[in-house]
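# Structure at a glance
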Amino acid sequence: MENEEGQRIAVALAHGAQTAAQVADTMVATWQEVDAVLSPVIGQRGVAMLYKRSLFLIGSAHPWLAGMHQGVQPTVDLEALKSAFAQQSSANAATAGGDFLQTFYELLTSLVGPSLTERLLRPVWAHFPSGPPAQDTSP
């Protein structure tokens, strides 16, 4: 996944959410899916370590995420993630979300290769369309 993919996800997050709270909810749902597809392969502790490393790597660009990577929890702390994202503007939350997911993808790719990473995360990325979401025309 290149920088363009992270930008695509950030745009999808921004288009799909009117508020930072909605971006936060999307991030939590995404990480639940990531955990569900990766835990059988690399374990919950492996997912948590990649999650924390990704937070560490983007912390300088998004200081409000700094420190979330600390601690010895063997699982992903989704409540802390939701709280941190909900306190930002929707634009900041969407940008950080795209950067976070892109960094996670790149780390996983460096460990298991691009082909396996793509296959494992394809169901997760399917929730991020390349353009704005379709308008709901139902009454």
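The rules behind these values
Residues numbered from 1 in each chain as written. Predicted model: local features only at pLDDT ≥ 70, side-chain atom pairs only at ≥ 80, totals over all residues. Heavy atoms only, no water. Helix = DSSP H or I, 4+ residues; strand = E, 2+ residues; numbered from the N terminus. Buried < 20%, exposed > 50% of the residue type's maximum accessible area, 1.4 Å probe, protein only. Contact = heavy atoms within 4.5 Å. pLDDT = per-residue confidence, 0-100. Phe/Tyr/Trp six-rings, centres within 6.5 Å; stacked < 30°, edge-to-face > 60°. Core = buried A, V, L, I, M, F, W, Y, C linked by side-chain atoms within 4.5 Å.

## Some points on the overall build of the protein
What the protein contains, in helices and strands, is 5 helices and 0 strands. N-terminal to C-terminal, the α/β element order of the protein is α-α-α-α-α. Looking at the protein residue by residue over its 139 residues, the buried ones come to 39%. Put simply, of all contacts in the protein between residues at least 6 apart along the chain, 73% involve residues at least 24 apart.

## Some remarks on the confidence of the model for the protein
Parts of the prediction with low pLDDT should not have their coordinates interpreted in detail. When pLDDT is averaged along the protein, the result is 81; 76% of the residues meet or exceed 70. For the stretch residues 131-139, pLDDT sits under 50, and the model shows 3 contacts to residues farther than four places along the chain or on other chains.

## Focus: the packing of aromatic side chains
What the rule picks out here adds up to 5 aromatic pairs. Arranged with centres 4.7 Å apart and planes meeting at 85 degrees, the rings of tryptophan 31 and phenylalanine 104 form a pair that is edge-to-face. Of this pair, tryptophan 31 sits in helix 2 (residues 20-58) while phenylalanine 104 sits in helix 4 (residues 90-112), and the two are 73 residues apart along the sequence. Taken as a pair, tryptophan 31 and phenylalanine 104 share a single burial class, namely buried. Among the aromatic residues, those joined into a cluster by ring pairs are Trp31, Tyr51, Phe100 and Phe104.

## Some details on the environment of valine 112
Residue position: valine 112 is located in helix 4. Classification of valine 112 by relative accessible area gives partly exposed; the value is 30%. With 70 residues separating them in the primary sequence, valine 112 and isoleucine 42 have C-alpha atoms 10.0 Å apart.

## Section: the nonpolar core
Met27, Trp31, Phe85, Phe100 and Leu121 are the most contacted members of the largest nonpolar core, which totals 33 residues. Counting only elements with at least two residues in this core, the list comes to helix 2, helix 3 (78-86), helix 4 and helix 5 (114-125). For this core, the leading source of residues is helix 2, giving 13 residues. Discounting residues that sit within four places of it in the chain, phenylalanine 85 has contacts with Ala20, Val23, Ala24, Met27, Trp64, Leu65, Ala93, Ala96, Gly97 and Phe100.

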